[in-house]
Amino acid sequence: MSRASRSLNLAGAALLGLSLLAGCDFPMRESLKPQARPAGLVPPKAASQPQAPMTPSARSRELAAYYVKLEEHLLSQGLLRRDGGGPDTNYRARDLARNFETIAFYDEHAGGNLTAGSEAVSRFHPWRGEVRFATHFGPSVSAKQRASDAAAVNAYASRLARVTGHPIRVSAAKANFHVIFASADDGDALKETVTRVWPAFPKARLETLTNLPRDIYCLVHTNTPSANAGGERAIAIIRAEHPSLMRLSCIHEELAQGLGLSNDSPLARPSIFNDDEEFATLTSHDELLLKMLYDPRLKSGMSLSEARPVITQIASELTDETDS
């Protein structure tokens, strides 16, 4: 889940992660003695094999308690909606076009700095090759949670394929978009899995994955701005300590952002690509953004000035407006 996602791609664009809603700060110790961490995340085919339950570390227990309180806090305010938008969230073609430009052509926090305060314009970068998702789980993740999360990824992949018209599926064979669910106790296993599925992944950035601050809920790394067709790669990291709705929200945003909607906008509504936490799951507005992202009239590598007339035309068609 992320409303303040940041993207860190291998071409030097920004890190996609999640930040806390302002004013929602629950006390928690930040430095706890690390526990021993078993190596090797569970690959998709082994996800259903029985394992002896692990006792979570103090750090992992603290994180789990914190995220439960955070989810309850957001829900109590009417946030984390799953209705896809309604009469209170009307938008027009001009809104859709503006939001698409901001979300698909800009990268927040360029350079990979989690706290940098800048945006960089980017060229259009959807996947040109087939997207093949695979799920991986840290040793600390229970069998029940693995089954639930794998089912959520499978269902969402089918929805993304239907909405975009792009070849998207779940396949452990030759997967190129890896979705990893791991807790604070799975650091060594996480490093091993990332190295195995993406050998060229920068080692310096790999270290950051196991030392994330608690206000980074989930993130995605992708090489799409620089990859050749068919050479696209992505890795999404989702904290296993999250309660179920926050994990589902992470799945929805990080997988969609990894496909090319790599920015957020405070003006986008109804949308998961917004820092306000109003929506937890993909909305009707977001489905139109995905349709635009994979419309064949928009070509990979286009600049914003080249794409803008096409974006305006597609947005008008999708909203049935001839003059927005």
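Quick note: structure is the one above.
Residues numbered from 1 in each chain as written. Predicted model: local features only at pLDDT ≥ 70, side-chain atom pairs only at ≥ 80, totals over all residues. Heavy atoms only, no water.

J.: Pulling in residues and values, what's your account of the pairing of strand β6 (residues 218–222)?
T.: Burial runs high along β6: 5 of the 5 residues are buried. Going residue by residue along β6, you find Cys218, Val220 and Thr222 tucked away on one face and Leu219 and His221 tucked away on the opposite face as well. Here 5 bridges tie β6 to strand β7 (residues 234–239), and the two strands are oriented antiparallel to one another. By the bridge assignment for β7, Leu219 is matched with Ile237. (Buried < 20%, exposed > 50% of the residue type's maximum accessible area, 1.4 Å probe, protein only. Helix = DSSP H or I, 4+ residues; strand = E, 2+ residues; numbered from the N terminus. Pairing = 2+ DSSP bridges.)

J.: So, the nonpolar core: which residues are in play, and what are the values?
T.: Judged by nonpolar contacts, the single largest core of 67 residues is most densely connected at Phe100, Phe133, Phe177 and Leu255. Not counting residues up to four positions away in its chain, the partners in contact with Leu255 are Phe133, Val153, Tyr156, Leu160, Phe177, Val179, Ala236 and Cys250. Counting 14 residues, the second-largest nonpolar core is a separate cluster that includes Val197, Leu209, Leu219 and Ile235. (Core = buried A, V, L, I, M, F, W, Y, C linked by side-chain atoms within 4.5 Å. Contact = heavy atoms within 4.5 Å.)

J.: Provide a residue-level description of the pairing of β7, including the pertinent values.
T.: For β7, the tally of buried residues reaches 6 of 6 residues, placing the bulk of the element in the interior. Side-chain alternation along β7 places Ala234, Ala236 and Ile238 on one buried face and Ile235, Ile237 and Arg239 on a second face that is also buried. As judged from the 6 bridges shared by strand β5 (residues 177–182) and β7, these two strands associate in the parallel manner. Along β7, the bridge assignment pairs Ala182 with Arg239.

J.: Outline the packing of aromatic side chains, listing residues and values.
T.: A full pass over the atoms with the stated rule returns 9 aromatic pairs. With a centroid separation of 6.3 Å and 75° between ring planes, the pair formed by Phe100 and Phe105 is classed as edge-to-face. Of the residues examined, Phe100 reaches a relative accessible area of 0% and is grouped as buried. Where Trp127 meets Phe177, the ring centres are 5.8 Å apart and the plane angle is 15°; that geometry is what we call stacked. Separated by 50 residues along the polypeptide, Trp127 in the loop between β2 (119–121) and β3 (131–137) and Phe177 in strand β5 bring together distant segments of the chain. By relative accessible area, Trp127 is classed as buried at 1%. Taken together, the aromatic side chains of Tyr66, Tyr67 and Tyr217 make up a single cluster linked through ring pairs. For the cation-ring pair, Arg214 lies above Tyr66, with the distance from its terminal atom to the ring centre recorded as 4.3 Å. (Phe/Tyr/Trp six-rings, centres within 6.5 Å; stacked < 30°, edge-to-face > 60°. Lys NZ or Arg CZ within 6 Å of the ring centre and 35° of its normal.)

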